[in-house]
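# Report on the structure
The chain contents come next:
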Amino acid sequence: MTSIPRHITRQRLFATFMELCAIDSEPGRERQMADFLRERLTGLGCSVSEDRAGQPTNGNTGNLHARLEGSGPGEALFLSCHLDRVAPGTGVRPRIQGEYLVSDGTTVLGADDGAGLAAILEALTTIREHRIPHPTLEIVLTVAEELALAGVRHFDISRLEARSGFVLDAAGRVGQIVVQAPEKVNFRAVFHGRSAHAGFSPEQGISAIQMAALAISRMRLLRIDPETTVNLGSISAQGASNIVPEFCELSGEIRSLDPAKVRAQLEAIERAMESAATELGGSTELRVTERYPAYQLAEETKAARRAARAARRIGAPLLFTSTGGGSDANIFNSRGRETVVLSCGYEHAHTTAERISLEQLSLLAEWVLALIVDDE
Ligand SMILES: [Zn+2]
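Residues numbered from 1 in each chain as written. Predicted model: local features only at pLDDT ≥ 70, side-chain atom pairs only at ≥ 80, totals over all residues. Heavy atoms only, no water.

As a reminder, the rule being used: UniProt positions are given in the numbering used here, feature names are shortened, and annotations may be inferred rather than shown by experiment.
Per an unreviewed UniProt entry, the protein is named Peptidase T-like protein, and its organism is Pelobacter propionicus. Here the protein is described in UniProt, under the heading Cofactor (unreviewed entry), as follows: "Zn(2+)".

Pasting the structure below:
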């Protein structure tokens, strides 16, 4: 085992990070961010191309695929981050406050996913600077990740030579490796009743709202078991108070690490809807949209082992973990690329209190460097 060259340059890393945060990059508006990264990656010796994912996602930018030819042994591997960030994410003014990098409190910081981006740039700069041998590296930078993984869905996986890789996109301390994530489906539950005058002839009506309420009372919601959740997020029915409502719609989601349990919950919801419709005389429809598939990787898989070795070498506390949310890794895994997610050390993501400590950002860059130069 080679000793890890821990010579990332902290000040340079912090400067890059703050430069990235200051670039506007809300979903669908990643142009400046992509141009900045293309220029930096090209300067580091990568060949960079951009796909057409901007069009189908109604954005102005495609996914970037950068490739740096190997100068040492080992199979190609890929590293991936997303270019976009959630709102409020324009006009970010990053600054150092004590031990932390923070925004001015009016916007998110953009450490999700700027920490990963900065770490990758710093690691690539270091290997170039010190001429450290490395395998072929591919960097995939996606757009519109925050819009339900919209960008990565349009990424042509056949462009990736690497069979396994790392998505840098999770909260939690550096050293945590996400090896499982749930499947998620969204659903719309539609109830059809019959309208009638509420005062003159309510007995001729069938209330879609009443039907929905009855169905809901028969559904199991929220935490179903340790790996399964169900939520209703909205209920809508418009109408005047003197008309029996003929239409009501619920929308919700189901997540589980076990795809069979997702199916079972969908069936249970459908049974609740049908029994309410039968009882009250209306009809129902359940419309399901697959959002992303689950993945579960063993800790012995190549990507997980490589990430674990690298974490040990930089002295970060190693933890294999699972998540309740999806990331681009769900899509990469479903397309035959063994992918784990690495924690990036940021805190309070998706809020204006988002922050990352200088120590965690530095450790993240060291982790990426250790991953790249691992020659086992
Ligand atoms: Zn993210």
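Still more ground to cover, so stick around.
### Describing the overall build of the protein
Which entries qualify depends on this criterion: What counts as a helix is a DSSP run of H or I of at least four residues, what counts as a strand is a run of E of at least two, and both are numbered from the N terminus. The contact rule is simple, with two residues in contact once any of their heavy atoms fall within 4.5 Å. Every accessible area reported is derived by Shrake-Rupley at a probe size of 1.4 Å, with residue values counting cover from the shown protein chains alone. Under the convention used here, Asp and Glu are negative, Lys and Arg are positive, and both His and the chain ends fall outside the count. A charged residue contributes its charge at one atom only: NZ of Lys, CZ of Arg, CG of Asp or CD of Glu.
Check the secondary structure of the protein and you find eight helices and 18 strands. Here the analysis covers contacts within the protein between residues at least 6 apart in sequence; of these, 80% occur between residues at least 24 apart. When the accessible surface of the protein is totalled, it reaches about 15,900 Å², and 50% of it is carbon and sulfur. Across the protein, the mean location of the 39 positive side-chain charges is 2 Å away from that of the 48 negative side-chain charges.

### Structural notes on the packing of helix 3 (residues 111–129) against helix 8 (residues 358–373)
Rule in force here: Axis definition: a line fitted to C-alpha atoms, over the contacting stretch in the case of helices. Angles run 0 to 180 degrees between N-to-C directions. Reported orientations rely on four angle classes, namely roughly parallel under 35 degrees, roughly antiparallel over 145, roughly perpendicular from 65 to 115, and oblique for the rest. We call a crossing left-handed when the near helix sits turned anticlockwise from the far one by less than a right angle, and right-handed when that turn is clockwise. As a working rule, the residues Ala, Val, Leu, Ile, Met, Phe, Trp, Tyr, Cys and Pro are called nonpolar, Asp, Glu, Lys and Arg charged, and the rest polar, with Gly in that last group.
Look at helix 3 against helix 8: their axes get within 8 Å of each other, and the N-to-C directions meet at 50°. The angle between helix 3 and helix 8 places the two elements in the oblique class. The chirality of how helix 3 crosses helix 8 is right-handed. Of helix 8, the residues touching helix 3 (which contributes Ala115, Gly116, Ala119, Ile120, Glu122, Ala123, Leu124, Thr126 and Ile127) are Leu361, Leu364, Ala365, Val368, Leu369, Ile372 and Val373. Class assignment of the residues belonging to the contact of helix 3 with helix 8 gives a composition of 13 nonpolar, two polar and one charged.

### What to know about the sheet that holds strand 18 (residues 355–357)
We count it as follows: Following DSSP output, two strands are said to pair if at least two bridges run between them.
Strand order in the open sheet made by the four strands is 4-5-18-17, with antiparallel pairing throughout. This sheet does not close on itself; its edge strands, each paired only once, are strand 4 (95–97) and strand 17 (346–347). Pairing analysis gives three bridges linking strand 5 (residues 100–102) to strand 18, with the strands arranged antiparallel. Paired with Leu101 across the strands is Ile356, a residue of strand 18.

### Quick word on the pattern of salt bridges
The condition is simple: Salt bridge, as used here: a side-chain nitrogen of Lys or Arg that lies within 4 Å of a carboxyl oxygen of Asp or Glu. Exposed residues in this analysis have more than 50% of their type's maximum accessible area, buried residues have under 20%, and partly exposed residues fall in between, with area computed by a 1.4 Å probe over protein chains only.
Considering all chains together, one arrives at 23 salt bridges under this definition. Between Glu138 and Arg67 there is a salt bridge, with its nearest N and O atoms 3.8 Å apart. Here Arg67 lies in strand 2 (residues 64–68) and Glu138 lies in strand 6 (residues 137–142), a separation of 71 residues in the sequence. Close ionic contact of Arg313 with Asp374 constitutes a salt bridge, the shortest N to O distance being 3.9 Å. With a gap of 61 residues between them, Arg313 in helix 6 (residues 302–313) and Asp374 in the segment after helix 8 connect regions that are remote in the sequence. We note that Arg313, like Asp374, is buried.

### Regarding the nonpolar core
The criterion, for reference: In plain words, nonpolar cores are sets of buried Ala, Val, Leu, Ile, Met, Phe, Trp, Tyr and Cys residues tied together by side-chain atoms within 4.5 Å.
Judged by nonpolar contacts, the single largest core of 91 residues is most densely connected at Phe17, Leu37, Leu79, Leu124, Phe166, Leu168 and Trp367. If one sorts the elements of this core by residue count, helix 8 sits on top with twelve residues. With 23 residues, the next largest nonpolar core counts Met211, Ala212, Leu266 and Met273 among its residues.

### Description of the state of the cysteines
To keep it simple, the criterion reads: Two cysteine sulfur atoms form a disulfide, by the criterion used here, when they sit within 2.5 Å.
Across all of its chains, the model carries zero disulfides by this definition. In this structure Cys21 is not part of a disulfide, and its nearest cysteine sulfur, from Cys81, lies 12 Å away. For Cys21, a relative accessible area of 0% corresponds to the buried category. The closest cysteine sulfur to the non-disulfide-bonded Cys46 is located on Cys81, 13 Å from its own sulfur. You can call Cys46 buried: its relative accessible area is 6%.

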